[in-house]
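Here is how the chains run, residue by residue.
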Amino acid sequence: RAQAAAIWQGRIARRPQSLARRSAEEKMADRYMIRKGGVVEGAKVPELAKLRIASDAALAEEKEKALAAKEKELAEQREALKKRTAEYEKEYADHKQQLIDLRREAKLGGNFFVEPEAKLLFVIRIVGIIKLAPKPRKVLQLLRLRQLHNGVFLKVNKPILQMLKLVQPYVTYGYPSLKTVRELLYKRGYAKVNKQRIPISDNEVITKSLGEKQSLFGMEDLVHEIFTVGPHFKQANNFLWPFKLSAPRGGFKCKRHGYCEMKGGDWGNREEEINELIARMNEPRAATSGVVPDSLGAR
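Because the structure is a prediction, the values reported are computed rather than measured.

### Here we look at helix 2 (residues 47-108)
If you check helix 2, its first and last C-alpha atoms are 91 Å apart, about what 62 residues at 1.5 Å a residue would give, namely 92 Å. On its buried face, helix 2 is in contact with helix 5 (178-188), helix 6 (203-214) and helix 7 (219-227). Among the residues trailing helix 2, G110 stands out with phi positive, at a value near 75°.

### Here's the deal with the packing of helix 2 against helix 7
Each packed pair of helices is defined by two parameters, the angle between the axes and the distance between the axes. Interhelical geometry of helix 2 versus helix 7 gives an angle of 30° and a closest axis separation of 9 Å. Classified by the angle their axes make, helix 2 and helix 7 are roughly parallel. The handedness of the crossing between helix 2 and helix 7 is left-handed. Packed against helix 2, whose contacting residues are L81, R84, T85, Y88, E91 and Y92, the element helix 7 presents E220, D221, V223, H224 and F227 at the interface. Residues belonging to the contact of helix 2 with helix 7 are distributed by class as follows: 5 nonpolar, 2 polar and 4 charged.

### Things to note about unusual backbone geometry
Non-glycine residue S215 carries a positive phi angle of around 60°. Here S215 is to be found in the loop between helix 6 and helix 7. S215 sits in the partly exposed class, given a relative accessible area of 47%. Phi angles above zero are rare outside glycine, and V229 is one such case at about 50°. Along the chain, V229 falls in the loop between helix 7 and helix 8 (233-239). Since its relative accessible area comes to 15%, V229 is described here as buried.

### Some words on the environment of I124
Mapped onto the fold, I124 is located in strand 1 (residues 120-125). Note: C-alpha distance between I124 and V171 (47 residues apart in sequence) is 5.5 Å. In this view, I124 contacts H149, N150, G151, Y170, V171, T172, L245, I274, L277, I278 and M281; residues no more than four positions away in its chain are not counted.

### What to know about helix 9 (residues 274-281)
Burial analysis of helix 9 places 6 of its 8 residues in the buried class, the great majority of the element. Packing partners of the buried residues in helix 9 comprise strand 1, strand 3 (171-174), helix 5 and strand 7 (268-271).

### Re the pattern of salt bridges
Applying the stated criterion across every chain yields a total of 11 salt bridges. As a salt-bridge pair, E115 and R103 come within 2.8 Å of each other at their nearest N and O atoms. Highlighted residues: E115 in the loop between helix 2 and strand 1 and R103 in helix 2, separated in sequence by 12 residues. Given a relative accessible area of 35%, R103 falls into the partly exposed group. With a closest N to O distance of 3.3 Å, E220 and R182 form a salt bridge. With E220 in helix 7 and R182 in helix 5, this pair connects stretches of sequence that are 38 residues apart. There is no split in this pair, since E220 and R182 are both buried. Taken together, the salt bridges that share partners define one network made up of E89, R182 and E220.

### Section: the confidence of the model for the protein chain
Per-residue pLDDT for the protein chain averages 82, and the proportion of residues at 70 or more is 81%. Low confidence marks residues 11-31, where pLDDT is under 50. Its contacts with residues over four positions away, or in another chain, come to 1 contact. Below pLDDT 50 for its whole length, residues 287-291 participates in 1 contact with residues either more than four positions away or in separate chains.

### Quick look at the nonpolar core
Of all hydrophobic cores here, the largest spans 49 residues; its most connected members are I124, F153, L164, L222 and F239. Excluding anything up to four places from it in sequence, L222 contacts L185, I206, L210, L216, A236, F239 and L240.

### Digging into the environment of Y170
For Y170, the location among the structural elements is in the loop between helix 4 (158-166) and strand 3. In this structure Y170 comes out as buried when scored by relative accessible area, which is 19%. Distance in space between the C-alpha atoms of Y170 and I129 is 9.9 Å, their sequence separation being 41 residues. Filtering out sequence-adjacent residues up to four positions away, Y170 remains in contact with I124, R125, I126, V127, L132, P136 and L140.

What counts and what doesn't
- Residues numbered from 1 in each chain as written.
- Predicted model: local features only at pLDDT ≥ 70, side-chain atom pairs only at ≥ 80, totals over all residues.
- Heavy atoms only, no water.
- Helix = DSSP H or I, 4+ residues; strand = E, 2+ residues; numbered from the N terminus.
- Expected span 1.5 Å × (residues − 1).
- Contact = heavy atoms within 4.5 Å.
- Axes fitted to C-alpha atoms, helices over the stretch in contact; angles between N-to-C directions.
- Parallel < 35°, antiparallel > 145°, perpendicular 65-115°, else oblique.
- Left-handed = near helix turned anticlockwise from the far one by under 90°.
- Nonpolar A, V, L, I, M, F, W, Y, C, P; charged D, E, K, R; others polar.
- Buried < 20%, exposed > 50% of the residue type's maximum accessible area, 1.4 Å probe, protein only.
- Salt bridge = Lys/Arg side-chain N within 4 Å of Asp/Glu carboxyl O.
- pLDDT = per-residue confidence, 0-100.
- Core = buried A, V, L, I, M, F, W, Y, C linked by side-chain atoms within 4.5 Å.

This is the structure:
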């Protein structure tokens, strides 16, 4: 009883502070509002009221200028994003055609064409937390794969490949295509802003976090940086929250065996076959429409 009485007294003592804080916040909000009250014609206006009316008029004019400048800046950014998107599409098409030409040239000469090494990986966790050893659990945490069916983009290098060897029975990975990267970002892309999971519903979310330092102002900039593993891949990848995928349509084959084993399974390196698995895990659920917002696409 004494403890309950002390807690109740503490609540009563804190209540005036919370009320004072709330009133201060309301005053702070009022500070940024511009009054639109008029003056009756022929009425006497005090000097203080005249000063307030002049101040409100100046603030309204300044606000209109700021809004016009903001709209102009957004229009310029959108036009620039459209131009960059067209350049990206041309770059993707040229690279694809170059590989086709090299394959044909090698075939005509009776040689073998060695495909270029992949630079991008997409890793999906396929096992939960039950009976998981401490070392693989720590590696999965470092890879940001904390939940079942989580997925992340990774750069192909020696440290990453060594870490994947330690958790190979618990993940499946491969080399995503441009279509897969774009669909993942548009359908299930979430941003990490102030340690919060924010949906990427507008290009403004990307601009505020990556625009000034990394020069990424829209979704197509982000897709290009991730797919080509550009110079700001680390910042762009850390900006993205780990993808939360659904269970694959049709289910897994056998999680206990590797994908490359004779019996056939699920864990391990799938190379280009990861695109088929991602397509089955990235399908929109029945409750969602899966429609891409118009504000994201620049094409």
